[in-house]
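An overview of the molecular structure
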There are 2 protein chains.
Amino acid sequence: MKPQPPVILLVRPQLGENIGAVARAMANFGLESLRLITPRDGWPNPAARAMAKGAEDIVAKTEIYAHLSEAVADLHLLYATSSRARALNKPVHSPRAAARTLREKSSLKRGLLFGCEASGLSNDELKHAQALIEIPCDPAFSSLNLAQAVLVMAYEWYQAEVHTPSAPRKSTPPARLAEIDYFAEVLLARLEARGFFTPEEKRPGMERNIRAFLSRLEPSRQEIATLHGILRALEGRSDSRKG
Amino acid sequence: MKPQPPVILLVRPQLGENIGAVARAMANFGLESLRLITPRDGWPNPAARAMAKGAEDIVAKTEIYAHLSEAVADLHLLYATSSRARALNKPVHSPRAAARTLREKSSLKRGLLFGCEASGLSNDELKHAQALIEIPCDPAFSSLNLAQAVLVMAYEWYQAEVHTPSAPRKSTPPARLAEIDYFAEVLLARLEARGFFTPEEKRPGMERNIRAFLSRLEPSRQEIATLHGILRALEGRSDSRKG
């Protein structure tokens with residue numbers, strides 16, 4: 001059986017728009033189950049549905065609870081976000097570390113708990129959580145919107161799985177060093193022929209610069225071919241005269 | 001002098017609410033400078049100000065531009081977010097890798113470019129960027145809201161502070177994007193004059209490839225000067241004939 005991703009739990013959420021935005025953030029990053037504990041404006045909430053566009057599924061399946069203790073009863077592992085350090089004698093994790101742990105404990109039924117927009121989670125609510133997550137923010141402006149806090153956690157959850165991003169794809173195979181070197185030789189010879197290296201003392205430094213360019217470029221074979229083409233074009237007239 | 005954090009640039013943003021939410025996300029994670037390129041509803045925008053609560057400073061100092069090329073002219077390094085893989089021949093980074101690189105290159109004036117809510121960035125707009133950032137999302141629901149995309153990048157920027165190696169120093173100052181762009185224009189004009197773009201259908205792809213080279217190179221001002229010198233030398237005879 002495929003393990004279920006963590007459940008998102010919102011305690012006393014106020015604005016339907018925020019609930020809808022939470023649903024979108026969840027859908028963006030592979031989360032599926034949303035639980036609301038005593039949402040202020042009741043349920044269903046048309047504003048939530050409107051804001052969720054594309055994530056209506058999550059809104060339609062949202063579960064409503066009257067008490068937090070019921071909402072967390074079937075979970076094995078619950079982490080709560082908290083914007084303030086608290087003397088709760090619980091471990092405090094970064095979003096990234098928490099996401100990794102949640103990924104690792106895939107045999108457990110896991111939940112992420114978020115407080116209401118105005119006041120966050122009370123100490124009484126936080127006691128249900130095994131650990132806290134603090135999202136590092138600029139201390140000068142640390143009030144993170146509810147949907148933004150969920151987004152950060154959902155994003156980290158998703159990254160924790162895919163944190164080896166696929167290598168940037170080049171469309172064509174890379175040039176071999178010999179091919180790069182050959183182009184450098186041709187270019188240097190053409191510049192030499194045109195008196196570019198005067199005075200002669202400038203030559204070694206200039207040559208080094210040009211080779212440094214090319215190696216930094218890490219060109220594809222196609223690009224080396226284009227560079228040869230450019231060189232021929234720029235010299236076009238003299239070449240045709242020679243030929 | 002303390003290095004400035006990256007500038008956030010929004011191309012053709014539509015809703016003031018989103019601009020305000022962007023300002024909040026920036027303030028949460030230590031970003032300061034916002035530039036808008038042709039915002040749909042003009043500027044100032046009361047909805048942006050209302051949504052920005054707590055981040056009014058950023059809104060008040062927001063700079064407005066009529067053209068993207070002007071908005072990026074003083075930057076040295078520009079990364080653009082793109083939700084779709086594109087055949088643009090540019091490196092594609094994860095948000096995390098991009099944030100680390102931006103931190104490392106602290107001596108450069110850096111920017112992060114975001115497209116409009118409806119259509120993102122056009123290929124023509126993306127060409128200004130040296131690299132793309134793709135935010136990994138659930139493929140089943142990958143449309144990330146503008147403010148959410150900015151939030152993810154701002155969050156990663158802030159997290160990247162902790163493990164930043166000292167910036168590798170370049171011996172000469174980096175070229176500005178306007179200087180790189182000018183060299184590209186000169187080179188393309190010279191190639192055009194020499195009939196390089198035949199058949200004409202090849203032109204857009206070829207032009208894109210040449211711009212991709214140059215932006216990948218992240219040249220110094222000295223190197224741009226060298227490239228101009230090489231170009232003049234290769235064309236030497238015809239120039240002197242003209243002159």
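Placed above this text is the structure.
Our subject in this report is the structure included herewith. Computed from a predicted structure; not experimentally measured.

Moving on: the packing of aromatic side chains. Per the stated rule, a full pass over the model turns up seven aromatic pairs over all chains. A centroid spacing of 6.4 Å and a plane angle of 85° characterise the contact between Tyr155(A) and Tyr155(B), whose relative ring orientation is edge-to-face. Here Tyr155(B) lies in helix α7 (residues 146–159) and Tyr155(A) lies in helix α7 (residues 146–162), a pairing that spans two chains. Neither residue differs from the other here; Tyr155(A) and Tyr155(B) are each classed as buried. Ring centres 5.5 Å apart and planes at 70° place the aromatic pair Phe196(B) and Phe197(B) in the edge-to-face group. One exposure class covers both Phe196(B) and Phe197(B), and it is buried. One aromatic cluster is present, formed by Phe29(A), Tyr155(A), Tyr158(A), Phe29(B), Tyr155(B) and Tyr158(B) through successive ring pairs. Sitting over the ring of Trp157(B), Arg103(B) keeps its end group 3.5 Å from the ring centre. Against the face of Phe197(B) rests Arg203(B), its NZ or CZ located 4.8 Å from the ring centre.

Take empty space enclosed by the protein next. A probe as big as a water molecule, rolled over the atoms, marks out the empty space that is left. Evaluation of the coordinates by the stated rule reveals four cavities of 30 Å³ or more. Here the largest cavity is characterised by a volume of approximately 390 Å³. Lining the largest cavity are 20 residues, and of these Phe183(A), Leu187(A), Leu227(A), Phe183(B) and Leu227(B) sit closest to its centre. Looking at the lining of the largest cavity, the elements that each hand over two or more residues are α8 (177–193), α9 (203–217) and α10 (221–234) of chain A together with α8 (177–193), α9 (203–217) and α10 (221–234) of chain B. Grouping the constituent residues of the lining of the largest cavity by class yields 20 nonpolar, no polar and no charged.

With that out of the way, let us pick up the packing of α9(A) against α9(B). Packing of α9(A) against α9(B) brings their axes to within 9 Å, and their N-to-C directions diverge by 105°. When the axes of α9(A) and α9(B) are compared, the pair comes out roughly perpendicular. Seen from α9(A), the contacting residues are Phe213(A), Arg216(A) and Leu217(A); seen from α9(B), they are Phe213(B), Arg216(B) and Leu217(B). Each residue belonging to the contact of α9(A) with α9(B) can be placed in one class, and the counts come to four nonpolar, no polar and two charged.

Definitions and cut-offs
Note that residues are indexed from 1 along each chain, following the sequence as it is written. Whichever chain is written first becomes A and whichever ligand is written first becomes 1, with later ones labelled in order. Residues qualify for local features only when their pLDDT is at least 70, as the model is predicted, and side-chain atom pairs are given and counted only at 80 or more; totals for whole chains, interfaces and linings, by contrast, use all residues. To get the side-chain values, all heavy atoms of the structure are used, and hydrogens and water are removed first. Ring pairs shown here join Phe, Tyr and Trp side chains whose ring centres sit within 6.5 Å, with only the six-membered ring taken for Trp; geometry is labelled stacked below 30 degrees between planes, edge-to-face above 60, and tilted in between. Under the scheme used here, helices are H or I runs from DSSP no shorter than 4 residues and strands are E runs no shorter than 2 residues, and both carry numbers assigned from the N terminus. Throughout, exposure labels follow a simple rule: accessible area from a 1.4 Å probe, protein chains only, divided by the maximum for the residue type, with under 20% read as buried, over 50% as exposed, and the rest as partly exposed. A positively charged side chain is recorded as over a ring if its NZ (Lys) or CZ (Arg) lies within 6 Å of the ring centre. The angle to the ring normal must also be within 35 degrees. A cavity here means a set of points on a 1 Å grid, drawn over the protein atoms and nothing else, where a 1.4 Å probe fits but cannot get out; a pocket is an open set with protein on both sides within 12 Å along at least five of seven lines, and a residue lines either one if it has an atom within 4 Å of a point. Grid points are joined across faces, edges and corners, and a volume is the space filled by probe spheres set on the points. Ten residues, namely Ala, Val, Leu, Ile, Met, Phe, Trp, Tyr, Cys and Pro, are considered nonpolar, four, namely Asp, Glu, Lys and Arg, are considered charged, and the remaining ones, Gly among them, are considered polar. Between N-to-C directions, angles cover 0 to 180 degrees, with each direction set by a line fitted to C-alpha atoms, over the stretch in contact for helices. If an angle is under 35 degrees, it is roughly parallel; if it is over 145, roughly antiparallel; if it lies from 65 to 115, roughly perpendicular; otherwise it is oblique. Two residues qualify as a contact provided that any one of their heavy atoms is within 4.5 Å of a heavy atom in the partner residue.

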